[in-house]
Amino acid sequence: MGRVSHATPPLSEILASARVVALPLATRFRGVDVREALLFEGPEGWTEFSPFAEYDDREAATWLAASVDFGWMPQPAPVRNEIPVNATVPAVAAASVSAVLARFDGCRTAKVKVAEAGERLSDDVERVRAVREAMGPEGRVRIDANGAWNVDEAERALHALAEFDLEYAEQPCATVEELAELRRRVKYMGIPIAADESVRKAADPLAVARAGAADLLVVKAQPLGGVRRALAIVAEAGLPAVVSSALDTSIGLSMGVALAAALPGLEYDCGLGTASLFTADVTARPLAPVGGVLPVGRVQADPALLARHEASADRRDWWLDRLARCHALLIERAG
């Protein structure tokens, strides 16, 4: 059976190697204790399809396009052979910060989750304070609010957190208009604004750059449709970029690493060290930071680990049904 298109193999070809895994996290993150992912192997190697469960099929289909591209198409040539990465601190109590940071070997930068549901600004302040103390004055500290604040809340929070010398604030507000307004209000504070959801979840990922709503972009390979499309978005936006993960297995992280390796410039440490948040992985050599960096290259799945961490039958069926629906959408788009 021939290819449906140059980029979309037939569903049967994907299903031939498809495996669904469930990996436990060391600390609850983004509301989950276990991360599920669908992995499969193409001519170029293993690849990952892992949109979060709440994403609808049309959004998830873009993730599948990225997965197929990474498994079936040669990737852009790298211009560097290692990627500096940040530590990621979930919305934990300040007393737990040191234990989290200890999982990230040699990282000089930390991204701290703030504005978590049920948390207060005082909790964020104490968490960021603990990170700053652990990182020392030379370390870099950035925060990520995942769009949870309105403009007034964000302005108040940045005032409260400014003493910790923030490298930047990632997606403090939800909309492009709010980001632009906040950027105007806090410009005198010297805290750059980074856009994440306003790029990867937007119908027009370049709107944030046109509106002058961000100083830099956070880009993720799967949500943007693959390495090449993400590179094109960064080039057209004309802003510095930080490559981040979507809480991927090491196979998904290798796609992000391929993107970071191909960017012409890389001014910031990337958010690709999140394998350190897991207590298990699908490869014997997880793509976790050593000396604060990740190597560039593909990751091979370990058959024994795929079997050990296989998802339950009902979850496997859920993912395969989702795969079939998203594949049909890719065929529809190609047509």
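These lines cover the structure that appears in this document, whether it is placed above or below. (Residues numbered from 1 in each chain as written. Predicted model: local features only at pLDDT ≥ 70, side-chain atom pairs only at ≥ 80, totals over all residues. Heavy atoms only, no water.)

**A short note on the sheet that holds strand 3 (residues 45–49)**
Sheets are built from strands that pair by backbone hydrogen bonding, the pairs being arranged parallel or antiparallel.
Alright, step 1. With antiparallel pairing, the three strands of this open sheet are ordered in space as 1-2-3. In this open sheet, the two edge strands, each paired with only one partner strand, are strand 1 (19–29) and strand 3. Geometrically, the sheet is characterised by an average inter-axis angle of 35° between neighbouring strands, direction not taken into account.
Alright, step 2. Note: strand 1 against strand 2 (residues 32–42), seven bridges, orientation antiparallel. Each bridged residue has a counterpart across the sheet, and for Pro24 the counterpart in strand 2 is Val34.
Alright, step 3. Each of strand 2 and strand 3 is contacted by helix 2 (residues 57–72), which is oriented at about 175° to strand 3, the strand it contacts most.
Alright, step 4. Contacts from helix 12 (residues 313–334) reach strand 1, strand 2 and strand 3 within the one sheet, and its direction differs from that of strand 2 by about 55°. (Pairing = 2+ DSSP bridges. Helix = DSSP H or I, 4+ residues; strand = E, 2+ residues; numbered from the N terminus. Axes fitted to C-alpha atoms, helices over the stretch in contact; angles between N-to-C directions. Contact = heavy atoms within 4.5 Å.)

**Observations regarding the nonpolar core**
Alright, step 1. Of all hydrophobic cores here, the largest spans 113 residues; its most connected members are Phe49, Ile143, Leu158 and Leu272.
Alright, step 2. Ranked by residue count, the leading element in this core is helix 10 (residues 250–262), at nine residues.
Alright, step 3. What Phe49 contacts, discounting residues up to four positions off in sequence, is Ala37, Leu38, Phe40, Ala60, Trp63, Leu64, Ser67, Gln222, Trp319, Arg322, Leu323 and Cys326.
Alright, step 4. Counting six residues, the second largest nonpolar core, distinct from the first, contains Tyr168, Leu216, Val218 and Val242. (Core = buried A, V, L, I, M, F, W, Y, C linked by side-chain atoms within 4.5 Å. Buried < 20%, exposed > 50% of the residue type's maximum accessible area, 1.4 Å probe, protein only.)

**A closer look at helix 10**
Alright, step 1. Given a rise of 1.5 Å per residue, 13 residues ought to cover 18 Å, and the 18 Å separating the end C-alpha atoms of helix 10 matches this to within 8%.
Alright, step 2. Most of helix 10 is tucked away, with 13 of its 13 residues classed as buried. (Expected span 1.5 Å × (residues − 1).)

**So, the pattern of salt bridges**
Alright, step 1. If you walk through the whole model with that rule in mind, you get 25 salt bridges.
Alright, step 2. The partner of Arg200 in a salt bridge is Glu197, with the nearest N and O atoms 3.3 Å apart. Placement of both Arg200 and Glu197 in helix 7 (residues 197–200) is noted, with a separation of three residues, approximately one turn of the helix. In terms of burial, Arg200 and Glu197 fall into one category: buried.
Alright, step 3. Among the ionic contacts, a cluster of salt bridges with common partners joins Asp152, Glu155, Glu181, Arg184 and Arg185. (Salt bridge = Lys/Arg side-chain N within 4 Å of Asp/Glu carboxyl O.)

**What to know about the packing of helix 2 against helix 10**
Alright, step 1. Orientation of helix 2 relative to helix 10, taken along the N-to-C sense of each, is 80°, at an axis distance of 11 Å. If you check the angle between helix 2 and helix 10, you find them roughly perpendicular. Across the interface between the two elements, Ala66, Ser67 and Phe70 of helix 2 pack against Ile251, Ser254, Met255 and Ala258 of helix 10. (Parallel < 35°, antiparallel > 145°, perpendicular 65-115°, else oblique.)

**Quick notes on the sheet that holds strand 9 (residues 193–195)**
Alright, step 1. Spatially, seven strands are ordered 5-6-7-8-9-10-11 in an open sheet, and the strand pairing comes out parallel. The open sheet has two edge strands, strand 5 (87–89) and strand 11 (241–243), and neither has a second partner. On average, adjacent strands in this sheet sit at an angle of 25° to one another, irrespective of strand direction.
Alright, step 2. Summarising the sheet, strand 9 and strand 10 (residues 216–219) pair through two bridges and their orientation is parallel. Paired with Ala195 across the bridge in strand 10 is Leu217.
Alright, step 3. Against the sheet, helix 5 (residues 151–161) makes contact with strand 7 (140–144), strand 8 (166–170) and strand 9, and its axis sits at roughly 160° relative to strand 8, the strand it touches most.

**A closer look at the packing of aromatic side chains**
Geometrically, a pair of aromatic rings is defined through the distance of the ring centres and the angle of the planes.
Alright, step 1. Considering all chains together, one arrives at seven aromatic pairs under this definition.
Alright, step 2. Ring centres of Phe40 and Trp72 lie 5.9 Å apart, and the angle between their planes is 45°; this geometry places the pair in the tilted category. Of this pair, Phe40 sits in strand 2 while Trp72 sits in helix 2, placing them 32 residues apart in sequence.
Alright, step 3. Arranged with centres 5.3 Å apart and planes meeting at 80°, the rings of Trp318 and Trp319 form a pair that is edge-to-face.
Alright, step 4. The class for Trp318 is partly exposed, based on a relative accessible area of 29%. (Phe/Tyr/Trp six-rings, centres within 6.5 Å; stacked < 30°, edge-to-face > 60°.)

**A few points about the pairing of strand 6 (residues 109–113)**
Alright, step 1. Of all five residues in strand 6, five are buried, a share of seventy percent or more.
Alright, step 2. Of the two faces of strand 6, both are covered, the one formed by Thr109, Lys111 and Lys113 as well as the one formed by Ala110 and Val112.
Alright, step 3. Across three bridges, the pairing between strand 5 and strand 6 is parallel. By the bridge assignment, Val89 is partnered in strand 6 with Val112.

**So, the packing of helix 5 against helix 6 (residues 176–186)**
Alright, step 1. Two elements in contact, helix 5 and helix 6, have axes separated by 10 Å at closest approach and are oriented at 35°. With respect to the hand of their crossing, helix 5 and helix 6 are arranged in right-handed fashion. Together, Val151, Asp152, Ala154, Glu155 and Leu158 of helix 5 and Glu178, Glu181, Leu182, Arg185 and Val186 of helix 6 make up the contact between the two elements.
Alright, step 2. Of the residues assigned to the contact of helix 5 with helix 6, the class counts are five nonpolar, no polar and five charged. (Left-handed = near helix turned anticlockwise from the far one by under 90°. Nonpolar A, V, L, I, M, F, W, Y, C, P; charged D, E, K, R; others polar.)

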